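Listed below, chain by chain, are the residues.
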Amino acid sequence: MKKAILLSSLAICINATTITQLFDAIEKTADYKLDNLANQEMKINKKSVINSLYPKVTLQASAEHFNRYNSMVPLTPTESGVLLKSGESIPFSQNIYRIGFEVSMPIFVKSIYDNKNRMTKLLKATKYQTKIELLKKQAFLVGYVSKLDYLFALKKSLLKQKSSITTTYKALKVGVDVGRIPEFKLLRLEDSLNQINIQLSNIKKNIDETKANIYKLTNIKIDDFISFNSLIVDKGEFISLKPLQEKLKATHYEIKSKQDNFYPKVMLSIKANRAYAKAYNTGDSIDEDFASAGLYISWNIFDKKNGSDIQKAKINLIKNNLQIAKTKKDLEAEIDKIDSSLVEINKQITLTKNSLKLKKELLKGAKVAFRLNRMSVDEYLQYENDLAKTRADLASLIANQNTLKANKALIYGENLKKVFK
């Protein structure tokens, strides 16, 4: 028998879902993976800027027809004269085929380096934003789990109230059956039990709703309440400012990169090809090689559109600064409100626990008084309702406390796995 009980307890422990398992499950969902793709995209964007510094190699092939004989390669007058005197094939033809390659690379394009720095800052901002999205999901989860635990506690409280009233009902029915107690008191208790059943039905609907929300976040189906403890959230930096600060730095580099467009650009280009044709004077098949290498400078000395783009970027810089200031002010106000609320909730939890003990004793006395016909049915039911309400209030306070701590952890960028265990 003991062995069977032990195995049963072990099975319950194995099947129970912990808050940590739910946190871990969030990171396995498609939503979280979609958020992470933003990091991959930004890494590729940064890499594409860096890759523009590497040489670009292009293979080329062509077949051309001219209405007049055209040179396969440039010839000096001296070379043309020598070929004419010797009767050799002259590299002129109407049909010329070429195959070759071109290598080009930037030697000095200042905007590339500032764009690379800009992408580095945007990548950091994206990583912070991905972390924030994860913390938001964790905070939502804590809110849903806290609500679920509150609903289960409320259900448990109502079931205890129902059991208590049922016990009183059975004892009262004996007196009604012998005619010592008026039947209306029994009817009043029946009505109270019906009201409790209605509340239990509504709670079940809310429990199913909350379970569905948890499933959306974690892909895990919850069957029972989840017990967990919460730790104190340490003060830290506002994580919501981090991506904004990185975007601000990126905007500085954006302005610089647009200003860089007014600097000269120096490009290296190497070209080589082999031409095939039939010489116009002999008809023989000939081929000629031709190659060149050069540095090319382009200088954008007047571009009104680029000037407008610089002004737009400077306006974005001002917007980012104002957004940082506004967000910081809002977060400071939110933290003050959360800290103040937590202090009051902690006091209320202590007072409600004490009140719960007193109301349990008061209900015991009320039951005795009611059975001795020294208390009306409504007075007795008021004691039952007071105890049930106090239990519900305690569960609600704990749920609110957990939600506030989750929001505080989110604001400070603290992983909620460390706060809720």
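Everything quoted here is computed from the prediction, not taken from an experiment.

Let's talk about the layout of surface pockets
Once rolled over the atoms, a probe with the size of a water molecule shows which space is left empty. In this structure, the largest pocket occupies an estimated 650 Å³ of space. Where the lining of the largest pocket is concerned, the elements lending two or more residues are α5 (110-177), α8 (304-371) and α9 (377-412). If you tally residues by element for the lining of the largest pocket, the top one is α5, at eight residues.

A few points about the pairing of strand β2 (residues 92-108)
Where strand β1 (residues 56-71) and β2 come together, twelve bridges link them in antiparallel fashion. Following the sheet pairing, Gln-60 is matched in β2 by Gly-100.

Notes on the packing of aromatic side chains
A full pass over the atoms with the stated rule returns six aromatic pairs. Look at Phe-228 and Phe-420: their rings are 5.8 Å apart centre to centre, the planes differ by 75 degrees, and that puts the pair in the edge-to-face class. Of this pair, Phe-228 sits in the loop between α6 (183-218) and α7 (241-260) while Phe-420 sits in the segment after α10 (416-419); the two residues are 192 residues apart in sequence, bridging distant segments of the chain. Accessibility assignment for this pair places Phe-228 and Phe-420 in one class, buried. Among the aromatic side chains, those forming a connected cluster through ring pairs are Tyr-69, Phe-92 and Tyr-280.

Some thoughts on unusual backbone geometry
Peptide bonds are trans in most cases, and residues, glycine excluded, mostly fall at negative phi. One non-glycine residue, Asn-219, lies in the positive phi region at around 65 degrees. Take Asn-219: it is sitting in the loop between α6 and α7. When its relative accessible area of 48% is taken as the criterion, Asn-219 is described as partly exposed.

Some points on the nonpolar core
Ranked by internal contacts, the top residues of the largest apolar core, which has 73 residues, are Leu-141, Val-145, Leu-189, Tyr-380, Leu-416 and Phe-420. Contributions of two or more residues to this core are made by α2 (19-26), α5, α6, α7, α8, α9 and α10. Ranked by the residues each element gives to this core, the list is headed by α5, at 16 residues. Among residues more than four places away in sequence, those in contact with Leu-189 are Ile-165, Thr-168, Tyr-169, Leu-172, Phe-370, Val-377, Tyr-380 and Leu-381. Listed in part, the eight residues of the second largest apolar core include Val-109, Met-119, Leu-123 and Ala-250.

A look at the packing of α5 against α6
The N-to-C vectors of α5 and α6 enclose an angle of 160 degrees; their axes lie 9 Å apart at closest approach. One finds that α5 runs roughly antiparallel with respect to α6. For the pair α5 and α6, the sense of crossing is left-handed. When the residues that make up the contact of α5 with α6 are grouped by side-chain class, the tally is 23 nonpolar, ten polar and nine charged.

Things to note about the confidence of the model for the protein chain
Model confidence for the protein chain is summarised by a mean pLDDT of 88, while 96% of its residues fall at 70 or above. A low-confidence stretch, residues 1-15 (pLDDT under 50), is modelled with zero contacts involving residues beyond four sequence positions or located in other chains.

About the criteria used
- Residues numbered from 1 in each chain as written.
- Predicted model: local features only at pLDDT ≥ 70, side-chain atom pairs only at ≥ 80, totals over all residues.
- Heavy atoms only, no water.
- 1 Å grid on protein atoms, 1.4 Å probe; cavity = no way out; pocket = protein on both sides within 12 Å on 5 of 7 lines; lining within 4 Å.
- Points joined across faces, edges and corners; volume = space filled by probe spheres on them.
- Helix = DSSP H or I, 4+ residues; strand = E, 2+ residues; numbered from the N terminus.
- Pairing = 2+ DSSP bridges.
- Phe/Tyr/Trp six-rings, centres within 6.5 Å; stacked < 30°, edge-to-face > 60°.
- Buried < 20%, exposed > 50% of the residue type's maximum accessible area, 1.4 Å probe, protein only.
- Core = buried A, V, L, I, M, F, W, Y, C linked by side-chain atoms within 4.5 Å.
- Contact = heavy atoms within 4.5 Å.
- Axes fitted to C-alpha atoms, helices over the stretch in contact; angles between N-to-C directions.
- Parallel < 35°, antiparallel > 145°, perpendicular 65-115°, else oblique.
- Left-handed = near helix turned anticlockwise from the far one by under 90°.
- Nonpolar A, V, L, I, M, F, W, Y, C, P; charged D, E, K, R; others polar.
- pLDDT = per-residue confidence, 0-100.

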